[in-house]
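Below are the chains, spelled out letter by letter.
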4 protein chains.
Amino acid sequence: MSSSYGNHLRVSIFGQSHSEAIGAVVDGLPAGEAIDLEEVRRFMRRRAPGQNAHSTARKEADEPRVVSGLAGGFTCGAPLCALIENTNARSGDYDSLKNRPRPSHADYTAFVKYQGFADARGGGHFSGRLTAPLCFAGAVALQILARRGVTVGARIAEIAGVCDGPAEEEALFLSAREKEFPVADDARGAQMREAIAAAKREGDSVGGVVEARAYGLPAGLGEPMFGGMENELAHWLFAIPAVRGVEFGAGFAAARMRGSEHNDPFYFDEEGRVRTRANRHGGVLGGITSGMPLIVRAAFKPTPSIAREQETVNLQTGQAETLVVGGRHDPCIVPRAVPCVEAAVALAILDAML
Amino acid sequence: MSSSYGNHLRVSIFGQSHSEAIGAVVDGLPAGEAIDLEEVRRFMRRRAPGQNAHSTARKEADEPRVVSGLAGGFTCGAPLCALIENTNARSGDYDSLKNRPRPSHADYTAFVKYQGFADARGGGHFSGRLTAPLCFAGAVALQILARRGVTVGARIAEIAGVCDGPAEEEALFLSAREKEFPVADDARGAQMREAIAAAKREGDSVGGVVEARAYGLPAGLGEPMFGGMENELAHWLFAIPAVRGVEFGAGFAAARMRGSEHNDPFYFDEEGRVRTRANRHGGVLGGITSGMPLIVRAAFKPTPSIAREQETVNLQTGQAETLVVGGRHDPCIVPRAVPCVEAAVALAILDAML
Amino acid sequence: MSSSYGNHLRVSIFGQSHSEAIGAVVDGLPAGEAIDLEEVRRFMRRRAPGQNAHSTARKEADEPRVVSGLAGGFTCGAPLCALIENTNARSGDYDSLKNRPRPSHADYTAFVKYQGFADARGGGHFSGRLTAPLCFAGAVALQILARRGVTVGARIAEIAGVCDGPAEEEALFLSAREKEFPVADDARGAQMREAIAAAKREGDSVGGVVEARAYGLPAGLGEPMFGGMENELAHWLFAIPAVRGVEFGAGFAAARMRGSEHNDPFYFDEEGRVRTRANRHGGVLGGITSGMPLIVRAAFKPTPSIAREQETVNLQTGQAETLVVGGRHDPCIVPRAVPCVEAAVALAILDAML
Amino acid sequence: MSSSYGNHLRVSIFGQSHSEAIGAVVDGLPAGEAIDLEEVRRFMRRRAPGQNAHSTARKEADEPRVVSGLAGGFTCGAPLCALIENTNARSGDYDSLKNRPRPSHADYTAFVKYQGFADARGGGHFSGRLTAPLCFAGAVALQILARRGVTVGARIAEIAGVCDGPAEEEALFLSAREKEFPVADDARGAQMREAIAAAKREGDSVGGVVEARAYGLPAGLGEPMFGGMENELAHWLFAIPAVRGVEFGAGFAAARMRGSEHNDPFYFDEEGRVRTRANRHGGVLGGITSGMPLIVRAAFKPTPSIAREQETVNLQTGQAETLVVGGRHDPCIVPRAVPCVEAAVALAILDAML
């Protein structure tokens, strides 16, 4: 059951990088929700490859075909299934890698787990391509959340050590979503792009951090202990390939603060609602939303596929070998990871609201 | 179902800080496992309060009473249930806090979620005290894992910005577990203690980071996508109060590395086993264990209970108020959090192995 | 996770016939529900042994001790845990059975499953005694359902081939619950008792059928396919030892009807609500409640413990043997099974309503 | 999560009678299993309509297209997804039924549950057509079970009160599977067909009982209490439309037996294996397999669609109305239900074995 998750909502993702198709089944959606498929496609294009100079050469329409779950444009209570055909799989590209696991990819662990039967072409079920159906499900969740007053946005917080500017105000933070390079401060964005281009020139890659925020969340969402929003959000977010860490509010920085610095005092705002002066708690206390904006960050490792010779092993021959994965891949997947993080956060929140 | 978790193993935790008792039910344990309850008690004492100058005044025997699941000292296949009586609950201490949520505690969110019916005494079900049954379950899991060649240990990696020394060798890393103040480098430990004492003198508190490692894990544990070891470990770890972030291997630091720095090349060791030169991937690739040591870190915020006047609200009167929580609490829960992290990691691993 | 179940509500049952205690943890209950523990005890007494001439000699107070989950008499959102001490376990009685599985008991299958480590005393975790915590959980559910306008009742429908009289009217059907021998028609009840007494005289046992109905259910509860009320009710009901079949509405009799006889025509009642002329569908269509009373029946096999010599095997010696279990057991557990069925039905319904 | 189920195996079924396609995702299959798709198709043809004089006029190729989960003809560890296009949906046929729920169909309960947004065409997600993906998943499970020495077969046990002959021997029982009309005794089968034809002539329908058996099961499968084979098998079986009851071994008949008649004495067979003289327990004791053949029966109500005028309501106008569903439907779905029961049983068993 590794590829399906959710408590009230159940998302099941299927497909391999080079299987006939990939897709998602979303069960448990409320009935009567109008789904704007054009908006879904717009959202999915944000993570599609071939969007810009920074991304892989492989181009896919990523056209989702909804085969069930809608009637007259509204969710009908039956599971929503969307299929994305794999039109542009060039498995030949990967034959050269056969039996030679790419460093820091899942090739080796998949080989062991599935006793050599894993679909190794393009990373199989472990491919970043599987984030396309995740984004489909997330795009649907975002539309339903919007109708409930909840807005989820994400931005690039950092790439190659270059940080985006501050974006405390909701409008500024959410403005990043619209951009081809989703940062609040375009000057910082330009520096990030330069860092990516530099890495690419050197046949290398860079990582970064994506930050998501959710506005309009009611207080009282989530459950104690294992059912906390952090537990659930982390469970969804680590499904995105290359995520190495997840933090909330002040996150790891909180570990270096004193209680007097970190605590968020309560007060009543003009409408008499309970608010906190600051939001170092990231909108979650004891696993339950406080009514302040939810803040979560995910760290992405640098793309493991680099255009340099690397040391590896040949699982067939038992010999040490070297390989060059080739430069067709993103030198930085972080920009394309932004909608994936938005999708995962939206799904975790909708699951908690249903 | 917020207080029970696990896929093959199911841990259900019950109790409030001031209920008659707290405890855990552990279902799905293999039958025929000898459980050394004296060792379980030793483990639980590592998180018990009143161990040292740094911890809260409240002292509890934390004596687990196993009421089911064992026959003749062996697990019998039936759920294992342990009860810990609450012998030393001084609820009076908390009456003063009634209706005045403590900043950065779960008081307010619990109040909202349970419409005023939450057991507010001592944080109720959200109290750090509920980590005692978690440690009971974890202590049992550790004994079963040891029999399968898996050793899990944790240490204080950082407190108040003071980092523990490097501890790459297994023996050095695991040596920390035995210590009253679990660090590899006692000199650094002394600095951490000083930082804690300084915070206490100033009625303040400090946070830190706990690092756990698992040795002897077979390659191939875990599942892709939502069933990855990271997804599961994070799900377990965020059940520990005050955890604000979880990272694996190089974690957030990976976001600042280049692929050529971060990638872990494969090689065959003298026994012909596949190993990686470094372990920046933290023993997990694509959610599945690689056979290298598993490395995970959890960030803890500073104890929200501080002996200083703080701004809050009165949920009854709707007035702004101030409160002083009082100095009976840990100025730093990180040392006591070490066994809790060990427990959560052990449970996640055993669940994946069953 | 075999001993915990529920989707929105999670009931975890622990204990063995002769462990120190047995009990249940009920997680996911709404907060703010007043729980009348005296009423809970009254309900539990309905299944307690030693109530009448028909039941086993073993007498237990079956006094539930609630150790968590309540604050000031109301559910507080934390898991509700009740403990029942095993005060009167006479394990000596069972030594004679060691290694000699009782025919049609779980002794043999438990022996195989747990490789000889099962707690064989009194059937261990498989003992009918474990229905006591199920009844505790069910009694709590019944109080919460009553507040939502839902009444669940059960009666003996048949024992030893003697059927109870018709009881189409709600009041008549529910009147059975109050009785020491829960039937609608006491004359039929007297015949059933005679059949039980006759079987007892002959060192034998008899089985029967329990019928439960739920009144006041809203239309629209339950989910399609695997989440239907039938799927869930059956899942809960088969947790009661000795249940061999579960049917809804006309049940197996429907297999012998024609569509024109079985179909329930729809009409609008005087209040304009949609009703069906008859209720052969048992209040569930396509897994979802129709607003008509829910009707479910569970078949119980005759008590396998009989006072007659039976053929069995000795798992130690590998020799064929005979055994006499002894007459201390119920010649008919059906009367005591009535509250167990009520409990299981109430839990399934509450789970679907939350 | 109503349309996905399984503990170690997760089957997610999607689609509506008239959606673009229907299908299933099967997650958790072991890797390295060769899947013979021709055999899968043969199995699926057993439930396809239009096979014989008894079934509905609607003809579908029911051609499953496997879009993921296989690599080189073997399961690769990734979820297996099969799509079945809806090529022959004549929704026009159903317009006449709009707002007029068919008696004993799910039309009304779906209308209420989904507030009028349910896909009413052909029963939508509640259509018997959704058993096609269930049969796909089951066919795959049967191939994997066969490799593990487990054979599952089913037969018509009864239709319109006509019972099939006894079939205690495995070969005779399993011979029914091969037949176009799956009974052991073809003479009884002829009588059943006559009863079906008679009902059809009168514009009516009949129900029946399907019996499944599993041979070669190891002892020790299943879990106590909520995880018993009965709990799980019933949970899977009630997903098949029109099932009104499920029973094991002697089932409801056991309720009329005495313990001395019902108990199954143990003995050692010539190979020294523990066996029971009879198999009234149906191969399951305490929820756990005994090593004897598993025996389960499911009762099917008569097809609710009959060619007679029936009373119903108009949910739009609030007026009483009558409707005639029309004779295009099966007068008896029991023959086609046989492979569905085999599929559900196979999935429950494989789930317990993984």
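Starting from 1, residues in each chain are numbered consecutively following that chain's sequence as written. To label them, take the chains in the order written and letter them from A, then take the ligands in the order written and number them from 1. With the structure being a predicted model, the display of local features is reserved for residues of pLDDT at least 70 and the display and counting of side-chain atom pairs for 80 or more, all residues being used for whole-chain, interface and lining totals. For side-chain calculations, the full set of non-hydrogen atoms in the structure is used, while hydrogens and water are omitted.

**Student:** Pulling in residues and values, what's your account of the UniProt feature "binding site: NADP(+)" (unreviewed entry) in chain A?
**Tutor:** Residue and element names in this part refer to chain A. UniProt positions are given in the numbering used here, feature names are shortened, and annotations may be inferred rather than shown by experiment. With numbering aligned to this structure, UniProt lists the feature "binding site: NADP(+)" (unreviewed entry) at Arg47. Under the DSSP-based scheme used, a helix requires at least four consecutive residues in state H or I and a strand at least two consecutive residues in state E, with every element numbered from the N terminus. Here Arg47 is to be found in the loop between α1 (37–45) and β4 (65–68). Categorising residues by exposure relies on relative accessible area from a 1.4 Å probe, with only protein chains included: less than 20% of the type maximum marks a residue as buried, more than 50% marks it as exposed, and the intermediate range marks it as partly exposed. What makes Arg47 buried here is its relative accessible area of 3%. Contact between two residues is taken to exist if any of their heavy atoms lie within 4.5 Å; hydrogens are not considered. Among residues more than four places away in sequence, those in contact with Arg47 are Asp62, Gly128, Arg129, Thr131, Ala132, Cys135, Arg336, Pro339 and Cys340.

**Student:** How would you summarise the packing of aromatic side chains if you had to cite specific residues and measurements?
**Tutor:** Note on ring pairs: Phe, Tyr and Trp rings are taken, using the six-membered ring of Trp, and paired if centres are within 6.5 Å. Classes follow the plane angle, with under 30 degrees stacked, over 60 edge-to-face and the rest tilted. This structure, assessed with the given rule, holds 30 aromatic pairs over all chains. Aromatic side chains Tyr5(C) and Trp236(C) sit 5.4 Å apart centroid to centroid with 75 degrees between the ring planes, which places their arrangement in the edge-to-face category. Here the residue Tyr5(C) occupies a position in strand β1 (residues 4–5), and Trp236(C) occupies one in helix α7 (residues 229–237), the gap between them amounting to 231 residues. You'll find Tyr5(C) and Trp236(C) in the same group, each marked buried. Seen from their ring centres, Phe226(C) and Trp236(D) are 5.2 Å apart, and the 75 degrees between their planes marks the pair as edge-to-face. One end of the pair, Phe226(C), is in the loop between β10 (208–215) and α7; the other, Trp236(D), is in helix α7 (residues 229–237), on a second chain. On the basis of relative accessible area, Phe226(C) is assigned to the buried category, the value being 1%. Judged by relative accessible area, Trp236(D) falls into the buried class, the value being 0%. An aromatic cluster of at least three residues, connected via ring pairs, comprises Tyr5(A), Trp236(A) and Phe226(B).

**Student:** Provide a residue-level description of the relation of the copies chain C and chain D, including the pertinent values.
**Tutor:** In this comparison the copies share one frame, found by least squares on the C-alpha atoms of residues holding pLDDT of at least 70 in both. The transform that puts chain C on chain D rotates by 180 degrees and translates by 0.0 Å along the axis, for an RMSD of 0.0 Å. Expressed as an axis order, the relation between the two copies is that of a two-fold axis. Here 100% of the contact residues of chain C are again contact residues in chain D; the copies associate through an equivalent surface.

**Student:** If you had to explain unusual backbone geometry to someone new, which residues and values would you point to?
**Tutor:** Residues and elements named next belong to chain A. The backbone of Ser104 shows a phi angle near 65 degrees, a positive value even though the residue is not glycine. Exposure remark for Ser104: the relative accessible area of 5% places this residue in the buried category. One non-glycine residue, Met225, lies in positive phi territory at about 55 degrees. For Met225, the position within the fold is in the loop between β10 (208–215) and α7 (229–237). Looking at Met225, the relative accessible area reads 11%, which means it is buried.

**Student:** How would you summarise the packing of helix α4 (residues 131–147) of chain D against helix α9 (residues 334–353) of chain D if you had to cite specific residues and measurements?
**Tutor:** Residues and elements named next belong to chain D. Where α4 meets α9, the axes come as close as 8 Å, and the angle between the chain directions of the two elements is 50 degrees. Regarding the angle of α4 to α9, the classification is oblique. Seen along the crossing, α4 lies across α9 with a hand that is left-handed. Across from Thr131, Leu134, Cys135, Ala137, Gly138, Ala141, Leu142, Ile144 and Leu145 in α4, the residues of α9 making contact are Pro339, Cys340, Glu342, Ala343, Ala346, Leu347, Ile349, Leu350 and Met353. Residues that form the contact of α4 with α9 fall into these classes: 15 nonpolar, two polar and one charged. For helices, the axis comes from a line fit to the C-alpha atoms of the stretch in contact; other axes are also lines fit to C-alpha atoms, and the angle between any two N-to-C directions lies between 0 and 180 degrees. Put simply, angles under 35 degrees are roughly parallel, angles over 145 are roughly antiparallel, angles from 65 to 115 are roughly perpendicular, and the rest are oblique. We call a crossing left-handed when the near helix sits turned anticlockwise from the far one by less than a right angle, and right-handed when that turn is clockwise. Note on residue categories: nonpolar means Ala, Val, Leu, Ile, Met, Phe, Trp, Tyr, Cys or Pro, charged means Asp, Glu, Lys or Arg, and polar means any other residue, Gly included.

**Student:** So what's going on with the state of the cysteines? Which residues, and what values?
**Tutor:** Note that a disulfide, as used here, is simply two cysteine sulfur atoms within 2.5 Å. Following the criterion strictly, the structure yields zero disulfides over all chains and no others. Summary of cysteine pairing: Cys76(C) is not part of a disulfide, and the nearest cysteine sulfur, belonging to Cys81(C), is at 12 Å. Classification of Cys76(C) by relative accessible area gives buried; the value is 3%. Summary of cysteine pairing: Cys340(D) is not part of a disulfide, and the nearest cysteine sulfur, belonging to Cys135(D), is at 3.8 Å.

**Student:** Please give an account of the UniProt feature "binding site: FMN" (unreviewed entry) in chain A that cites residues and values.
**Tutor:** Residue and element names in this part refer to chain A. UniProt feature "binding site: FMN" (unreviewed entry): in the numbering of this structure it lies at His125, Phe126, Ser127, Gly286, Lys301, Pro302, Thr303, Pro304, Ser305 and Arg328. With respect to the helices and strands, His125 occurs in the loop between α3 (107–113) and α4 (131–147). Here a polar contact is taken to be a pair of N or O atoms separated by no more than 3.5 Å, where protein atoms must pair a possible hydrogen donor with a possible acceptor and residues adjacent in sequence count only if both atoms sit in side chains. Polar side-chain contacts of His125 include one of 2.6 Å to the side chain of Ser3. Assignment of secondary structure puts Pro302 in the loop between β16 (294–300) and β17 (309–313). Classification of Pro302 as buried rests on a relative accessible area of 0%.

**Student:** Outline the sheet that holds strand β10 (residues 208–215) of chain D, supporting the account with residue identities and numerical values.
**Tutor:** We call two strands paired when DSSP finds no fewer than two bridges between them. Strand order in the open sheet made by the ten strands is β9(C)-β8(C)-β10(C)-β16(C)-β11(C)-β11(D)-β16(D)-β10(D)-β8(D)-β9(D), with antiparallel pairing throughout. Across the chains shown, the open sheet's two edge strands, defined by having one partner strand only, are β9 (162–163) of chain C together with β9 (162–163) of chain D. Summarising the sheet, strand β8 (residues 151–159) of chain D and β10(D) pair through eight bridges and their orientation is antiparallel. Across the sheet, residue Ala154(D) finds its bridge partner in β10(D), namely Ala212(D). Sheet strands touched by α9(D): β8, β10 and β16 (294–300) of chain D. Its angle to β8(D), the strand with the most contacts, is close to 145 degrees.

**Student:** Which residues make up the interface of chain C and chain D, and what values go with them?
**Tutor:** If you look at the interface, chain C gives 101 residues, while chain D gives 101 residues. Buried area is a sum: the accessible area each of two parts loses on coming together, probed at 1.4 Å, counted once for each and added. Overall, the association of chain C and chain D removes approximately 7900 Å² of surface from exposure, summing both partners, and the carbon and sulfur fraction of that is 62%. Each salt bridge in this description consists of a side-chain nitrogen of Lys or Arg and a carboxyl oxygen of Asp or Glu lying within 4 Å of one another. Applying the counting criterion to the chain C and chain D interface returns twelve salt bridges. For Arg277(D), the salt bridge identified is with Glu311(C), shortest N-O distance 2.6 Å. For the side of chain C that touches chain D, the leading source of residues is α7(C), giving six residues. Looking at the side of chain C that touches chain D residue by residue, the classes come out as 48 nonpolar, 34 polar and 19 charged. In the sheet, strand β11 (residues 243–248) of chain C pairs with strand β11 (residues 243–248) of chain D via three bridges, with the strands oriented antiparallel. Each residue of the ladder has a partner; that of Val246(C), found in β11(D), is Val246(D).

**Student:** Before we move on, can you summarise the pattern of salt bridges with the specific residues and values?
**Tutor:** The tally for this structure, following the rule as stated, stands at 136 salt bridges over all chains. Ionic pairing is found between Arg193(A) and Glu180(A), a salt bridge with its closest N-O pair at 2.4 Å. Placement of Arg193(A) in helix α6 (residues 186–201) and of Glu180(A) in the loop between α5 (170–175) and α6 is noted, with a sequence separation of 13 residues between them. Among the residues examined, Arg193(A) registers a relative accessible area of 29% and is labelled partly exposed. Judged by its relative accessible area of 44%, Glu180(A) falls in the partly exposed class. Glu33(C) is the partner of Arg147(C) in a salt bridge, and the nearest nitrogen-oxygen pair spans 2.3 Å.

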